[in-house]
Amino acid sequence: VTELSLLDETDRPWVAALLDLVEHSLGVPWRVLLERVELAALAPASRTNLVLAALRRLTGGGAARGRVARRVRALVLGHPALDAAARATRLEAASAALGIAAEDLETLLWADIARERPVTLPGGRPAELAVMALANLERIERCVRRAHGVRIWLREQEASHGLVRAASRHGVIAKVLREDAGGLTLELAGPLSLFHATTVYGRALAALVGLLADHADFELVIAGDPADREPDKSRARSSASRELRVTPPVILPPVRVRGRRAPSPAERLAHDLEARGWSVLRAPEPIASGQTLLFPDLAALPPGAREPVLVELIGFSTADYLAHRLASYHAAGAGRVVLCVDERRGSVAIAPGVLPFTRRVDPDQLAAASRR
Amino acid sequence: VNRVREIQHVDEASACRTDRDNPTGASAPSIGPVDHIKIVVIFERCAAKRAAAARGSPRARARARRLLARRGMRIRFDRGTLVLEPRDGTHANASAEPAAIEGAVWDVQSRAWRVPAERHAELIARLGDVDDEVRPCRLADRWILPPLRWYQEAALAAWLAADRRGVVALPTGAGKTLVAMAAIARLGVAALILVPTRVLLDQWARALAAAWPLPIDGRDASTSRASSIGRLGDGEHQLAPITVATYASAVGWAPRIGDRFGLVIVDEAHHVGAWCPGEVLEMLVAPFRLGLTATPPDAPRELAARVGPVVYALAIDELVGDGLAAYRLETVPIALEREERERYRTLRARFAGAYAEQARRGELGWRRFVRQAARSARGRAALYAWRGYRALLAYPAGKREALRELLRRHAGQRTLVFTADNATAYAIARELLVVPITHEIRKAERAAVIERFRAGELSVLVSSQVLDEGLDVPDADVAIIVGGTSSSRRHVQRIGRVLRPRDGKRAVIYELVVLESTEADYVQRRRARLGPDAAPTSVGPVARDQTAAGGAP
């Protein structure tokens, strides 16, 4: 197990120097900035690249830029404008049509081309720590996206439930083990353990990394081939599989509190069941099955029934995983369990207690499945 | 590699590769790496065994043939390989005779002898009396083909004479597709066409549907999507006796459909062994193979092994005025301005000094130089200088002015402008407000631009690489090469873009060359493939650059 090398306070001076360079390069294309950074050699290229990636992430707005750039190009580009007057006329016409100043149009032409768009800092110069935190997050996420498996140990069981629920929401293949001493381990299958949709899965898995910032005491172990352009790349490649560890203190961006978002399939199902007279408990207490903890999304009591139906929504899955999950519920004494499995994330083996769904779980089908 | 395909195929139903002893699949950090190692070991063993078998004595092979014939064997296709097994259905055994058959490998997992599918014809010829379950279907004769031109007939004849295996090298626009369709019609067997890109997939499928129309459900195949032609790639999974597949899709499909085709055609065949993995062709039983390219590779080892040797080749100049439009190649000498020249010399000297120093230490090679340069301030400065002078040569003031003048001269004519890099393409596009086509522009936008160009709404497209190959660019009359590399392959592809024949057409190709620079040397090198008449024209006082000639950029 090797400690994953992340940015810390000792890196602050060169990060500050790099930000100076960025400030001096405002308005020039990114490719020019990249050349200047390379020439300045403030730190190993892999590190400066991480910080630059963090900066791009910080400025964001890629999709919006793309839309604007495409509109501008469609209006401005055409037959060659071979003299200044023809060029100015074309730009003015586009400017009037788009309501954008003619001088800004040229800047917007390549606003969606990574190396050509001009360097900007819309929110002013960011703090070094904020950039370093994002760079660290980027680094860990890159490793996770190339992992065979990920293990997260958290000291506080209660506080860790949020992370477990988030893993479930993102649909990753997870197993939760409790420790007698009070800790909790979350074992997650890595994208390289899958054959399909590894990019989608890797992104879902990486989304969990940011949540670790909320935990004071944790250990993240990433198993796999983390050849992600670090200086020790050759060493990483020489061992087909090795483990990288991340432990506090680590500079990470604070967890963002998201605003309103569309209800999850579990929330929608709960709402639909309540409309049919079921009594629904959202996010019930986890159930212990030996050392394994199971986290059903809903405990739903049909009208007139005495025993609730435990419902868990599952994203990525395998037949073995589902069978094991059901067996664990039954071993824990849960009689009526329905696993709702998202068909969009892989083929679902039809079995008793397994209900495939796409986008929305049908409450009537759930009721039928629970009776079976 | 076949083993990898096999594991993928077996486990396709389940989304996750799980450990049998740990059915949760939740976390099995050791599983991925162990599988990976296992695959490699099997592959190595296969290769070693194949090599050992190939060395078997003729006597041993003759003995194997006799024994096989006595025992009675059958051959069936299974996941990209041919399985040799007893005709009576009993299990094969590891110590049995097929070990002496060249290339046969004992597969421990399925307990069968396996031979690469591409050796099917050879195997049948060797073994004689075997049950052969591998029989590609035959095609009905309903082709509607235009008459072939003389060189297309000659190419087809050469290919037929070479046991129907080999590569035909004709310039872009000379009608390679027609040669391929004539080959399919002549053989009358099911054919698989492998193409590098989705654009070419569509292009090929349309051309074939027009030549081999089969109404489906009363619809005309040549105009509707319900085509007689199968498509594998770009989200389509339609199989037919004549199927077009992208290289990428063929990797996944070959283990399943490798026994259905008697002929395989590889478009842009110079990619075999790289973009088009050799394993795809290994998994196809098709005994007849036709490669098509405008630019055969210099050392076509993999291509020769999988498809065959180059059986027919013509350079651009041999077809000009006949199969290709006549053209005029004009070199436009560009002189740097005084400031530019000084800057060029400074940057060039800085780079050349560092490069020469490394060469003096006996450390030759561009890659090595780049690796070393990144480690020192001087090296980085040298690399920075290298980029700087290349950017300078890519689009100096002289080229700017010349380009404007040429576009003015050919106003309204369809013109393709080729640049050395994307940055220059964007610079030209910004300056002249013309449309750039690069890989960074989204597919939908690119398609819309090509359509506008076809419709005449746009007269100029500027690109560095995307227009070189694999994109169905409408016929153009003028090409302006603002910058490029020394690659003659790319040069031929670029020139071919304006050579599609049309009545009375005379294409014009301009090459802008900065005098007394490394670019002049590039121009001489990349013209090598154009043909005997394409000797360097007057480009003024060209200074051969020793560093560039020695392999550096």
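Remember, it's a predicted structure, so these values are computed and weren't measured experimentally.

Caption draft 1: Focus on the overall build of chain A. A count of helices and strands for chain A gives 13 helices and 13 strands. Reported as C-alpha extents along the three principal axes, the dimensions of chain A are approximately 80 × 50 × 35 Å. A buried classification covers 48% of the 372 residues belonging to chain A. Contacts spanning at least 24 positions in sequence make up 67% of the contacts within chain A whose residues lie at least 6 apart. Both charge centroids of chain A, one from 49 positive and one from 43 negative side chains, sit 5 Å from each other.

Caption draft 2: Highlighting the pairing of strand E19 (residues 506-514) of chain B. All names here are of chain B. Within E19, eight of the nine residues are buried, which leaves the element mostly enclosed by the surrounding structure. Pairing between strand E14 (residues 326-334) and E19: nine bridges, direction parallel. Opposite alanine 326, over in E19, you have arginine 506 as the bridge partner. Here four bridges tie strand E18 (residues 478-481) to E19, and the two strands are oriented parallel to one another. Bridging from a neighbouring strand, isoleucine 480 pairs with tyrosine 510 of E19. Note that the unit made of E18, helix H18 (residues 488-496) and E19 has a crossover that is right-handed.

Caption draft 3: Here's a closer look at the confidence of the model for chain A. Model confidence for chain A is summarised by a mean pLDDT of 86, while 93% of its residues fall at 70 or above. Ranking the helices and strands of chain A by mean pLDDT puts helix H1 (residues 12-24) of chain A first, with 96, and helix H10 (residues 233-238) of chain A last, with 42.

Caption draft 4: Highlighting helix H13 (residues 363-371) of chain A. All names here are of chain A. Every buried residue belonging to H13 is among Pro363, Leu366, Ala367, Ala369 and Ser370, and all of these are buried. Relative to the axis of H13, the buried residues are bounded by an arc of 165° and lie together on one face. Where H13 is buried, its residues touch helix H11 (265-275), strand E11 (309-314), strand E12 (337-342) and strand E13 (354-357). The opening residue of H13 is aspartate 362, an N-cap whose side-chain oxygen sits 2.9 Å from the backbone nitrogen of aspartate 364.

Caption draft 5: Main features of the side chain of arginine 325 of chain A. Residue and element names in this part refer to chain A. Summarising the element assignment, arginine 325 is placed in helix H12 (residues 319-331). Reaching out from arginine 325, the side chain makes a polar contact with the side chain of glutamate 312 at a distance of 3.0 Å. What arginine 325 contacts, discounting residues up to four positions off in sequence, is Ala174, Leu294, Glu312, Ile314 and Leu339.

Caption draft 6: Representation of the nonpolar core in the model. Core analysis: the largest hydrophobic core is formed by 119 residues, its most contacted members being Ile184, Trp204, Leu208, Leu461 and Ile480 of chain B. Aside from chain neighbours lying at most four places away, what touches leucine 461 of chain B is Thr415, Leu416, Val417, Val435, Ile437, Val449, Ile450, Phe453 and Leu467 of chain B.

Caption draft 7: Inspection of the pairing of strand E4 (residues 112-116) of chain B at higher detail. All names here are of chain B. By the criterion of burial, E4 is predominantly enclosed, with five of the five residues buried. Where strand E2 (residues 81-86) meets E4, four bridges bridge the pair, whose relative direction is antiparallel. Following the sheet pairing, valine 83 is matched in E4 by arginine 114.

Caption draft 8: Structural context of the environment of tyrosine 312 of chain B. All names here are of chain B. Structurally, tyrosine 312 is set in strand E13 (residues 310-313). For tyrosine 312, a relative accessible area of 15% translates into the label buried. Separated by 182 residues in sequence, tyrosine 312 and arginine 494 place their C-alpha atoms 21 Å apart. With sequence-adjacent residues up to four places away left out, tyrosine 312 is seen in contact with Trp150, Tyr151, Ala154, Ala155, Ala158, Val167, Val168, Ala169 and Leu170.

Caption draft 9: Region of the structure containing the environment of aspartate 477 of chain B. Residues and elements named next belong to chain B. As for its placement among the helices and strands, aspartate 477 is situated in the loop between strand E17 (460-463) and E18. By relative accessible area, which is 12% here, aspartate 477 ends up buried. Sequence separation between aspartate 477 and arginine 500 is 23 residues, and the spatial gap between their C-alpha atoms is 9.0 Å. Within polar-contact distance, the side chain of aspartate 477 engages the side chain of arginine 502 at 2.8 Å.

Caption draft 10: Main features of the sheet that holds strand E9 (residues 292-294) of chain A. Residues and elements named next belong to chain A. Strand order in the open sheet formed by eight strands is E1-E6-E5-E2-E4-E3-E9-E8, and the pairing between neighbours is mixed. Of all the strands in the sheet, the pair left with one neighbour each is strand E1 (2-3) and strand E8 (287-289). Across five bridges, the pairing between strand E3 (residues 174-178) and strand E4 (residues 184-189) is antiparallel. Across the sheet, alanine 174 pairs through a bridge with leucine 188, a residue of E4. Running over the sheet, helix H8 (residues 157-170) touches strand E2 (147-154), E3, E4 and E9 and is turned about 15° from E4.

Caption draft 11: Fine view of the sheet that holds strand E9 (residues 236-238) of chain B. Residue and element names in this part refer to chain B. The eight strands lie next to each other as E9-E8-E10-E7-E11-E12-E6-E13, forming an open sheet whose pairing is mixed. Strands with a single pairing partner mark the edges of an open sheet, and in this sheet they are E9 and E13. In this sheet, neighbouring strand axes are inclined to one another by 20° on average, regardless of whether the strands run parallel or antiparallel. As paired strands, strand E8 (residues 229-233) and E9 are joined by three bridges and run antiparallel to one another.

Caption draft 12: Representation of the confidence of the model for chain B within the structure. Residues and elements named next belong to chain B. For chain B, the average pLDDT comes to 77, and 75% of its residues sit at 70 or higher. Within the model, pLDDT remains below 50 along residues 216-226, and this stretch shows 17 contacts once partners closer than five positions in the same chain are excluded. Scored below 50 in pLDDT, residues 534-553 makes 43 contacts in the model with residues more than four places away or belonging to other chains. Across the assembled chains, the prediction reports ipTM 0.76 with pTM 0.72.

Caption draft 13: Geometry of unusual backbone geometry. Of the consecutive residues proline 248 of chain A and proline 249 of chain A, the connecting peptide bond is found in the cis state with omega at 5°. Here proline 249 of chain A is to be found in the loop between strand E6 (242-246) and H11. We note that arginine 164 of chain B has phi near 60°; this positive angle belongs to a residue other than glycine. Take arginine 164 of chain B: it is sitting in the loop between helix H5 (150-161) and strand E6 (165-169). Arginine 164 of chain B sits in the partly exposed class, given a relative accessible area of 33%. One non-glycine residue with positive phi stands out, namely glutamate 516 of chain B, at about 50°. Relative to the helices and strands, glutamate 516 of chain B is located in the loop between E19 and helix H19 (518-526).

Caption draft 14: Quick look at the pattern of salt bridges. Residue and element names in this part refer to chain A. In this structure the tally under the stated criterion is 42 salt bridges over all chains. For glutamate 141, the salt bridge identified is with arginine 145, shortest N-O distance 3.4 Å. You can see glutamate 141 and its partner arginine 145 sitting in helix H7 (residues 128-145), four residues apart, about one turn around the helix. Note on glutamate 141: relative accessible area 7%, which makes it buried. The residue arginine 276 makes a salt bridge to aspartate 364 at a minimum N-O spacing of 3.1 Å. Residue arginine 276 is located in the loop between H11 and strand E7 (279-282), and its partner aspartate 364 is located in helix H13; the two are separated by 88 residues in the primary sequence.

Caption draft 15: Here's a closer look at the packing of aromatic side chains. Evaluated as defined, the whole model comprises 14 aromatic pairs over all chains. Measuring from centroid to centroid gives 5.0 Å for tryptophan 110 of chain A and tyrosine 426 of chain B, while their planes differ by 50°, and the two rings are tilted. Taken together, the residues span two chains, with tryptophan 110 of chain A in the loop between helix H6 (102-108) and H7 and tyrosine 426 of chain B in helix H16 (residues 422-432). Judged by its relative accessible area of 1%, tyrosine 426 of chain B falls in the buried class. An aromatic cluster is present here, built from Tyr344, Phe351, Tyr355, Trp366, Phe369, Trp386 and Tyr389 of chain B joined pairwise through their rings. When the ring centre of tryptophan 30 of chain A is taken as reference, the NZ or CZ atom of arginine 56 of chain A above it lies at 4.1 Å.

Caption draft 16: Region of interest: the packing of helix H2 (residues 30-40) of chain A against helix H14 (residues 377-394) of chain B. The geometry of H2 of chain A relative to H14 of chain B is characterised by a closest axis approach of 9 Å and an angle of 155° between their N-to-C directions. Here H14 of chain B runs roughly antiparallel to H2 of chain A, going by the angle between their axes. The crossing of H2 of chain A and H14 of chain B is left-handed. On H14 of chain B, the residues that touch Glu35, Arg36, Glu38 and Leu39 of chain A of H2 of chain A are Arg380, Ala381, Leu383, Tyr384 and Arg387 of chain B. Here the residues of the contact of H2 of chain A with H14 of chain B sort into four nonpolar, no polar and five charged.

Quick notes on the rules
- Residue positions are given per chain, counting from 1 as you read along its sequence in written order.
- For this description, chains carry letters from A and ligands carry numbers from 1, given in the order in which they are written.
- Local features in this predicted model are restricted to residues whose pLDDT is 70 or higher, and side-chain atom pairs enter the listing and the counts only when it is 80 or higher, whereas totals over whole chains, interfaces and linings include all residues.
- The basis for every side-chain value is the complete set of non-hydrogen atoms in the structure, without hydrogens or water.
- In this text, helices come from DSSP runs of H or I with a minimum length of four residues, and strands from runs of E with a minimum of two, each type numbered from the N-terminal end.
- Accessible area is worked out with a 1.4 Å probe on protein chains only. A residue is then buried under 20% of its type maximum, exposed over 50%, and partly exposed in between.
- Any two residues having at least one pair of non-hydrogen atoms within 4.5 Å are treated as being in contact.
- A residue counts as positive if it is Lys or Arg and as negative if it is Asp or Glu; His and the chain ends are not included.
- By convention, the point assigned to a charge is CZ for Arg, NZ for Lys, CD for Glu and CG for Asp.
- Each pair of strands is called paired provided DSSP finds at least two bridges between the two strands.
- Handedness of a crossover is defined as follows: with both strands directed away from the viewer, a clockwise route from the first strand across the helix to the second makes it right-handed.
- Every residue gets a pLDDT, meaning the predictor's confidence in that residue, from 0 to 100.
- Taken from the helix axis, the directions to the C-beta atoms give the arc we talk about.
- Two N or O atoms count as a polar contact when they lie within 3.5 Å, although within protein this holds only if one can serve as hydrogen donor and the other as acceptor, and sequence-adjacent residues are included solely when both atoms are side-chain atoms.
- Throughout this description, the term nonpolar core refers to a set of buried Ala, Val, Leu, Ile, Met, Phe, Trp, Tyr and Cys residues connected via side-chain atoms within 4.5 Å.
- Angles run from 0 to 180 degrees between N-to-C directions of axes, and those axes are lines fitted to C-alpha atoms, restricted for helices to the stretch in contact.
- Within this document, salt bridges are pairs made up of a side-chain nitrogen of Lys or Arg and a carboxyl oxygen of Asp or Glu, the two lying within 4 Å of each other.
- Working definition: a ring pair exists when centres of Phe, Tyr or Trp rings (six-membered ring for Trp) sit within 6.5 Å. Plane angles under 30 degrees give stacked, over 60 give edge-to-face, the rest tilted.
- We call a charge positioned over a ring when the NZ of a Lys or the CZ of an Arg lies within 6 Å of the ring centre and within 35 degrees of the ring normal.
- What sets the label is the angle itself: under 35 degrees gives roughly parallel, over 145 gives roughly antiparallel, 65 to 115 gives roughly perpendicular, and the rest give oblique.
- Left-handed describes a crossing whose near helix is turned anticlockwise from the far helix through less than a right angle; right-handed describes the clockwise counterpart.
- Basically, the charged four are Asp, Glu, Lys and Arg, the nonpolar ten are Ala, Val, Leu, Ile, Met, Phe, Trp, Tyr, Cys and Pro, and anything else, Gly included, counts as polar.

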